[in-house]
Amino acid sequence: GSSTIGNDFSSDLRAVAETMRSSVVESYAIKKDGHWKVWLDYCKVVQIGPHFEGIQDPIPYIQVFTHHCRDGRLAPSGKLVKPKLVADALRLVGQRFAVLGAADLRFNLQGKIEFRIEKQMRGYTKMAKPMVRVKPLPIHIVLRALEFGL
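Residues numbered from 1 in each chain as written. Predicted model: local features only at pLDDT ≥ 70, side-chain atom pairs only at ≥ 80, totals over all residues. Heavy atoms only, no water.

What the protein contains, in helices and strands, is 6 helices and 0 strands. Secondary structure elements of the protein occur, N-terminal to C-terminal, as α-α-α-α-α-α. Counting every atom, the protein has about 11200 Å² of accessible surface; 63% of that belongs to carbon and sulfur. (Helix = DSSP H or I, 4+ residues; strand = E, 2+ residues; numbered from the N terminus. Areas by Shrake-Rupley, 256 points an atom, 1.4 Å probe, with all protein chains shown as cover.)

Among the secondary structure elements, His68 is positioned in helix α3 (residues 59-71). According to the relative accessible area criterion, His68 is buried, its value standing at 15%. Once residues lying within four places of it in the same chain are set aside, the contact partners of His68 are Tyr42, Arg73 and Leu74. (Buried < 20%, exposed > 50% of the residue type's maximum accessible area, 1.4 Å probe, protein only. Contact = heavy atoms within 4.5 Å.)

Here we come to the packing of aromatic side chains. For the structure on display, the rule yields 8 aromatic pairs. Between Phe52 and Tyr61, the ring centres sit 6.5 Å apart and the planes meet at 45°, which makes this aromatic pair tilted. Here Tyr61 falls in the partly exposed class, since its relative accessible area comes to 30%. Among the aromatic residues, those joined into a ring-pair cluster are Trp36, Trp39, Tyr42, Phe52, Tyr61, Phe65 and Phe97. (Phe/Tyr/Trp six-rings, centres within 6.5 Å; stacked < 30°, edge-to-face > 60°.)

As a further point, take the nonpolar core. Nonpolar side chains in soluble globular proteins tend to be buried together. Grouped together as the largest cluster of nonpolar side chains are 20 residues, with contacts concentrated most on Trp39 and Ile62. Elements represented by at least two residues in this core include exactly α2 (26-46), α3, α4 (83-99) and α5 (115-127). No other element matches the 5 residues that α4 contributes to this core. If we skip the residues at most four places from it in the chain, Ile62 touches Trp39, Phe52, Leu90, Leu105 and Ile117. (Core = buried A, V, L, I, M, F, W, Y, C linked by side-chain atoms within 4.5 Å.)

Okay, the pattern of salt bridges next. For the structure on display, the rule yields 9 salt bridges. Across the pair Asp104 and Arg106 runs a salt bridge whose closest N-O atoms are separated by 2.5 Å. Classification of Arg106 by relative accessible area gives buried; the value is 11%. Across the pair Glu147 and Arg144 runs a salt bridge, and its minimum N-O distance is 3.6 Å. With Glu147 and Arg144 both in helix α6 (residues 139-147) and 3 residues apart, this pair spans about one turn of that helix. Each of the salt bridges in this network shares a partner with another, and the network as a whole consists of Asp57, Glu114 and Arg116. (Salt bridge = Lys/Arg side-chain N within 4 Å of Asp/Glu carboxyl O.)

A few words now on a nonpolar patch on the surface. Together, Leu137, Ile139, Ile141, Val142, Leu143 and Leu146 make up a nonpolar patch on the protein surface, roughly 590 Å² of accessible area in all. Mapped onto the fold, Ile139 is located in helix α6. For Ile139, a relative accessible area of 60% gives the class exposed. (Patch = residues over 30% accessible without salt bridge, like charges linked within 9 Å, V, L, I, M, F, W, Y side chains within 5 Å.)

Any link to function would need more than the numbers given here.
Okay, structure coming up:
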């Protein structure tokens with residue numbers, strides 16, 4: 001009967017979720033779960049529902065969450081976080097919305113990153129200190145310098 005289909009559906013849906021979860025390595029799955037927990041904790045602090053119930057414009061809440069990830073308030077280390085890791089956290093939270101059947105609020109109706117979030121992330125990238133790269137000296141120059149006793 002229909003209750004069997006309903007029970008099978010729930011069971012099948014759990015099996016699908018488990019299959020999706022097994023598609024990534026365990027450490028990544030744990031990381032994803034961790035970001036979702038951080039999101040839920042953040043929502044409690046700012047006193048909103050994690051799915052933005054009754055909120056017309058959720059982007060400012062997402063922006064502040066992103067800001068708190070970046071400045072270290074939501075990071076385990078409490079230190080400034082690299083822009084790529086902030087983008088990862090935001091992406092993982094957005095993907096969780098999609099898995100739950102809601103819209104990934106990072107995207108606008110055209111499927112592009114919402115412009116306020118895009119500008120914020122671009123700002124973080126520009127503010128980040130570039131990596132210091134030291135170009136190695138060619139060995140013939142080193143040998144030549146040693147020859148002359150420099």
